[in-house]
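Commentary on secondary and tertiary structure
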Amino acid sequence: MTTLTKTSQLTLIQAITDGMRIMLEEREEVLVLGEDIGKNGGVFRATDGLQEEFGEDRVIDTPLSEAGIIGSSIGMAMNGLLPIAEIQFLGFIYPAYEQIMTHATRMRYRSKGAFTVPLVIRAPYGAGVRAPEIHSDSVEALFTHMPGIKVVCPSNPYDAKGLLISAVEDPDPVLFLESLRSYRSVRGEVPEGKYTIEIGKGKKVREGDDVTLIAWGAMIPVAMKAAEEAEKNRVQCDVIDLLTLYPIDKNIIAESVQKTGRCVIVHEAHATGGLGNDIVSIINDTSFLSLKAPIRRVTGADVHVPFFALEDHYLPTPARVKEAIDKVINF
């Protein structure tokens with residue numbers, strides 16, 4: 001990672017915009033495409049000003065066709081370009097699922113390495129912003145079960161910019177998940193200029209010896225608040241931000257759980273089939289004999305993300321996480 005000293009206070013979405021701007025400036029092969037991303041700057045203004053700066057040939061408004069966006073991007077990537085494709089919401093990605101699963105993730109294998117697909121797919125995800133149906137899905141596990149694609153989910157502006165630049169430079173496809181509720185609610189110091197964050201590595205964002213909390217994206221602030229509440233009862237939590245969901249950092253999980261002996265996993269996706277289940281398996285494989293209590297999961301319910309009035313009842317909260325912490329401490 002490049003050492004930089006000059007920083008700016010940016011929101012998560014500003015950091016993402018800055019990362020795209022840097023790569024558009026540096027590499028003429030980079031282009032951005034998606035629905036309403038040009039003149040309108042995207043539904044969340046993530047690409048605001050980029051078409052004016054770089055032109056319509058590099059910041060491209062597409063038809064309303066997710067399959068077409070990803071199919072075209074795969075062809076571009078196989079022929080020397082570095083496309084950054086925006087899907088307006090992760091819940092809109094289903095029409096493009098076939099293109100991702102059948103082609104983007106398999107091309108290196110299918111061609112015995114003759115072709116790669118250096119494609120970044122940006123997708124806002126998650127609940128908490130009172131969006132309508134299909135706009136709040138958190139289905140990252142569909143893609144962590146898909147060899148050939150990396151899945152990244154930053155929780156803060158610094159990591160978002162560095163991971164996005166790394167994703168653009170990666171020779172294989174990367175699904176870059178962006179928390180809707182974190183876009184403008186999270187702000188932090190971001191170095192100016194280019195730097196990278198290694199894909200595939202998590203990081204510890206809070207140190208503690210009693211309980212390991214594992215989360216990513218929008219659930220990091222939830223886990224941190226729960227850890228602060230637990231500290232009032234003299235319970236110290238290790239908080240692990242995975243950052244990359246596939247390939248997952250097994251070492252940071254094992255090291256923390258072997259130290260604390262207790263673990264709570266937090267994600268807003270459904271409980272059944274959620275990534276938390278894989279994390280439980282990793283802990284059982286690497287750290288079972290270190291456990292002092294059964295692993296607890298705090299997740300979304302096994303229902304469609306509900307409409308406005310019930311959304312807060314669906315999402316994990318600091319209180320629910322604190323309750324899980326108490327259970328593993330008092331087991």
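Refer to the preceding data block for the structure.
Here the structure is a predicted model, which means the values were calculated and not measured. (Residues numbered from 1 in each chain as written. Predicted model: local features only at pLDDT ≥ 70, side-chain atom pairs only at ≥ 80, totals over all residues. Heavy atoms only, no water.)

Notes on the overall build of the protein chain
Our working rule: Helix and strand definitions here come from DSSP, where helices need a minimum of 4 consecutive H or I residues and strands a minimum of 2 consecutive E residues; each element is numbered from the N-terminal end. Each radius of gyration is computed over the set of C-alpha atoms, and the globule rule expresses the reference value as 2.2 Å times the number of residues to the power 0.38. When accessible area is computed with a 1.4 Å probe and restricted to protein chains, residues below 20% of their type maximum are described as buried, those above 50% as exposed, and intermediate ones as partly exposed. Two residues form a contact once any of their heavy atoms are found within 4.5 Å. Working definition of accessibility: Shrake-Rupley area with a 1.4 Å probe, residue cover restricted to the visible protein chains.
Within the protein chain, the secondary structure is distributed over 12 helices and 14 strands. Taken over C-alpha atoms, the radius of gyration comes to 20 Å for the protein chain, in line with the 20 Å a tight globule of 331 residues would show. Principal axes of the C-alpha set define a box for the protein chain whose edges measure 60 × 45 × 45 Å. The buried share among the 331 residues of the protein chain stands at 56%. Relative to all contacts within the protein chain whose residues are 6 or more apart in sequence, the contacts with residues 24 or more apart total 83%. For the protein chain, the accessible area works out to roughly 14100 Å², and carbon and sulfur atoms hold 51% of it.

Quick look at the nonpolar core
Formally: Buried Ala, Val, Leu, Ile, Met, Phe, Trp, Tyr and Cys residues that are joined via side-chain atoms within 4.5 Å together make up what is termed a nonpolar core.
Grouped together as the largest cluster of nonpolar side chains are 103 residues, with contacts concentrated most on Ile70, Leu213, Ile253, Val264, Ile279 and Ile325. Residue contributions to this core peak at eight residues, all from helix α1 (residues 12-26). Excluding anything up to four places from it in sequence, isoleucine 70 contacts Ala85, Ile87, Ala96, Gln99, Ile100, Leu119 and Ile121.

Describing the sheet that holds strand β7 (residues 174-179)
Put simply, the rule reads: At least two DSSP bridges between two strands are needed for those strands to be called paired. The angle between two axes is taken between their N-to-C directions and runs from 0 to 180 degrees, where each axis is a line fitted to C-alpha atoms and a helix contributes only its stretch in contact.
Read from one edge to the other, the open sheet built from seven strands follows the order β3-β2-β4-β5-β7-β6-β12, with strand pairing classed as mixed. Both edges of this open sheet fall to β3 (59-61) and β12 (244-246), since each of them pairs with a single strand only. Each adjacent strand pair in this sheet contributes to an overall mean axis angle of 20 degrees, direction not counted. As judged from the two bridges shared by strand β6 (residues 150-152) and β12, these two strands associate in the antiparallel manner. Note on β12: the bridge partner recorded for valine 152 is threonine 244. In the packing of α1 onto the sheet, contacts are made with β2 (30-34), β3, β4 (82-86), β5 (120-125) and β7, and the angle to β2 comes to roughly 135 degrees.

Structural notes on the layout of surface pockets
The gaps left among the atoms become clear once a water-sized probe is rolled over them. Convention followed: Note on definitions: the grid is 1 Å and covers protein atoms alone; a cavity is a set of points where a 1.4 Å probe fits but cannot get out; a pocket is an open set with protein on both sides within 12 Å along at least five of seven lines; lining residues have an atom within 4 Å of a point. Grid points are joined across faces, edges and corners, and a volume is the space filled by probe spheres set on the points. The nonpolar class holds Ala, Val, Leu, Ile, Met, Phe, Trp, Tyr, Cys and Pro. Asp, Glu, Lys and Arg form the charged class, and all remaining residues, Gly among them, are polar.
The computed volume of the largest pocket comes to approximately 240 Å³. Taken together, 14 residues form the lining of the largest pocket, with Arg181, Ala218, Pro221, Val222 and Lys225 sitting closest to its centre. A total of three residues in the lining of the largest pocket trace back to one element, the largest contributor, which is helix α8 (residues 219-231). Grouping the constituent residues of the lining of the largest pocket by class yields seven nonpolar, four polar and three charged.

A few points about the packing of helix α3 (residues 66-78) against helix α4 (residues 97-104)
We count it as follows: Angular relationships are summarised with four words: roughly parallel below 35 degrees, roughly antiparallel beyond 145, roughly perpendicular across 65 to 115, and oblique for the angles in between.
Across the interface, α3 lies against α4 with an axial gap of 8 Å and an inter-helix angle of 25 degrees. One finds that α3 runs roughly parallel with respect to α4. Packed against α3, whose contacting residues are Ala67, Ile70, Gly71 and Ile74, the element α4 presents Gln99, Ile100, His103 and Ala104 at the interface. When its residues are assigned to classes, the contact of α3 with α4 shows five nonpolar, three polar and no charged.

Points about the packing of α1 against helix α7 (residues 157-169)
Applicable threshold: By convention the crossing between two helices is left-handed if the near helix lies anticlockwise of the far one by an angle smaller than a right angle, and right-handed if it lies clockwise.
Where α1 meets α7, the axes come as close as 8 Å, and the angle between the chain directions of the two elements is 30 degrees. Taken as axis vectors, α1 and α7 run roughly parallel relative to one another. Our pair here, α1 against α7, has a crossing hand that is right-handed. Facing α1, whose interface residues are Leu12, Ala15, Ile16, Asp18, Gly19, Met20, Ile22, Met23 and Glu26, α7 presents Pro157, Ala160, Lys161, Leu164, Ile165, Val168 and Glu169. Looking at the contact of α1 with α7 residue by residue, the class counts come to 11 nonpolar, one polar and four charged.

Some details on the sheet that holds strand β14 (residues 296-300)
Read across the sheet, five strands follow the order β9-β11-β10-β13-β14 without closing on themselves; strand pairing throughout is mixed. The outermost strands of the open sheet, each flanked by one partner alone, are β9 (203-206) and β14. On average, each strand axis in the sheet is inclined to that of its neighbour by 25 degrees, with strand direction left out of account. Sheet topology places strand β10 (residues 211-215) next to strand β11 (residues 237-241); five bridges connect them, and they run parallel. Bridge pairing in β11 places valine 211 opposite cysteine 237.

Quick notes on the side chain of threonine 244
Applied cut-off: As used in this structure description, the phrase polar contact means that two N or O atoms lie within 3.5 Å; if the pair is within protein, one of them must be able to donate a hydrogen and the other to accept it, and residues adjacent in sequence are counted only when both atoms belong to side chains.
Here threonine 244 lies in strand β12. You can call threonine 244 buried: its relative accessible area is 0%. Looking at threonine 244, its side chain comes within polar contact range of the main-chain nitrogen of glycine 200, at 2.8 Å. Non-local contacts of threonine 244, meaning those with residues more than four positions away in its chain, are made with Val151, Val152, Ile199, Gly200 and Lys201.

Section: unusual backbone geometry
The step from tyrosine 246 to proline 247 runs through a cis peptide bond, and the omega angle for that step is 0 degrees. The residue lysine 112 is not glycine, and still its phi comes out positive at about 55 degrees. The topology assignment puts lysine 112 in the loop between α5 (107-110) and β5. Although it is not a glycine, leucine 243 sits at a positive phi angle of roughly 65 degrees.

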